[in-house]
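# Fold and geometry: a report
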Amino acid sequence: MKLVSLDTHIQNKGLYIGCRQILLDFALSNIAYDYPVDPKALEKAREWSAEEIVAKISGLTKTRHHSICLGGGEPLLQVDNLKTFLEQKLETPLYLETNGTLPKHLDEIKDMVDLFALSLKPQFIKEFIESLLLLKDKNVFVRLVSSRETTPKSVETYAKMIAEVNKDIVLIIEPLRECKEPMPLQAMAE
């Protein structure tokens, strides 16, 4: 798998913010990142075999971790290599962060992962709903990164869409710095 890095980190977004995780920071992405990515870090990305990843994780798990985070770019772009890694049956829970744009790939691995963060990308609603339906009975939450263009009406629409799939799925609204009024958006989602 092509990774930018593989190391311990503290989760800085979503439902598990503040948790110590082992991050497999995937290098490839099929859409623009929500946050700026250091181009120098992407240039240093390299291929890792499943065996190399497991060996590195074994060294890191001497310290307790909440989960192994499959994040960064879009892990599902490397689904075949990801499956090979997921077949290793690690003891630490696996947590997938995905942009929800590749439901067919998600379907291939959904039963091999414990926790899911599904980012809602408004330009990919059809794919998002397909992905959410695949995960409706899994341990999943939805992240919506809000910007100046995010309206209370759109958040209300997204919240209703999610509730129609499963009313217990948590929606986290994550404001970018440029989002001036995140509180009304959060109120609309309740």
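Here the residue index of a chain counts from 1 through its sequence in written order. Confidence filtering applies because this is a predicted model: local features only for residues at pLDDT of at least 70, side-chain atom pairs given and counted only at 80 or more, and all residues used for totals across whole chains, interfaces and linings. As a convention, hydrogens and water are excluded, and side-chain values are obtained from all of the structure's heavy atoms.

### What to know about the packing of aromatic side chains
Only centres within 6.5 Å qualify two rings of Phe, Tyr or Trp (six-membered ring in Trp) as a pair; their planes then separate them into stacked at under 30 degrees, edge-to-face at over 60, and tilted for everything else. Applying the stated criterion across every chain, the model contains 3 aromatic pairs. The interplanar angle of 85° and the centroid separation of 5.2 Å between the aromatic rings of Y16 and Y95 together place this pair among those described as edge-to-face. Taken together, the residues Y16 in the loop between β1 (2-10) and β2 (20-26) and Y95 in strand β5 (residues 94-98) connect sequence positions 79 residues apart. Residue classification places Y95 among the buried residues on the basis of a relative accessible area of 0%. For the pair Y16 and F141, a centre-to-centre distance of 5.9 Å together with 75° between the ring planes defines the contact as edge-to-face. In this text, helices come from DSSP runs of H or I with a minimum length of four residues, and strands from runs of E with a minimum of two, each type numbered from the N-terminal end. Working definition: with a 1.4 Å probe on protein chains only, accessible area under 20% of the residue-type maximum means buried, over 50% means exposed, and in between means partly exposed.

### What about the pairing of β1?
Paired strands, in this sense, are two strands between which DSSP finds at least two bridges. Pairing of β1 with strand β3 (residues 46-47) involves 2 bridges; the strand directions are antiparallel. Looking across to β3, one finds that K2 is bridged to E47. With 7 bridges connecting them, β1 and β2 associate as antiparallel partners. Each residue of the ladder has a partner; that of H9, found in β2, is Q21.

### With respect to the sheet that holds β5
With respect to topology, 8 strands assemble into an open sheet ordered β3-β1-β2-β4-β5-β6-β7-β8, the strand pairing being mixed. At either margin of the open sheet sits one strand with a lone partner, and together these are β3 and β8 (170-175). Contact between two residues is taken to exist if any of their heavy atoms lie within 4.5 Å; hydrogens are not considered. Comment: axis = line fitted to C-alpha atoms, over the contacting stretch for helices; angle = value between 0 and 180 degrees taken between N-to-C directions. Packing against the sheet, helix α3 (residues 79-86) makes contact with β2, β4 (67-72) and β5, and its axis sits at approximately 170° to β4.

### Some words on the pairing of β4
Most of β4 sits out of view: 5 of its 6 residues are buried. Pairing analysis gives 6 bridges linking β2 to β4, with the strands arranged parallel. Along β4, the bridge assignment pairs L23 with C69. In terms of strand pairing, β4 meets β5 through 3 bridges, oriented parallel. Looking across to β5, one finds that C69 is bridged to Y95. Call a crossover right-handed when, viewed with both strands pointing away from you, the route from the first strand across the helix to the second goes clockwise. Handedness of the β-α-β unit built from β4, α3 and β5 comes out right-handed.

### Brief notes about the environment of D80
Secondary-structure assignment places D80 in helix α3. For D80, a relative accessible area of 54% translates into the label exposed. Sequence-wise, D80 and L171 are 91 residues apart; in three dimensions their C-alpha atoms are separated by 29 Å.

### Digging into the packing of helix α5 (residues 125-135) against helix α6 (residues 152-165)
Look at α5 against α6: their axes get within 10 Å of each other, and the N-to-C directions meet at 30°. It follows from the interaxial angle that α5 and α6 lie roughly parallel. As for how α5 packs across α6, the hand of that crossing is right-handed. From α5, I125, F128, I129, L132 and L133 reach across to α6, where they touch Y158, M161, I162 and V165. Residues that form the contact of α5 with α6 fall into these classes: 9 nonpolar, no polar and no charged. Orientation is classified from the angle alone, with under 35 degrees giving roughly parallel, over 145 giving roughly antiparallel, 65 to 115 giving roughly perpendicular, and any other angle giving oblique. By the definition used in this description, the sense in which the near helix is turned from the far one sets the handedness, with an anticlockwise turn below a right angle giving left-handed and a clockwise turn giving right-handed. As a working rule, the residues Ala, Val, Leu, Ile, Met, Phe, Trp, Tyr, Cys and Pro are called nonpolar, Asp, Glu, Lys and Arg charged, and the rest polar, with Gly in that last group.

These figures come from the coordinates and say nothing about function on their own.
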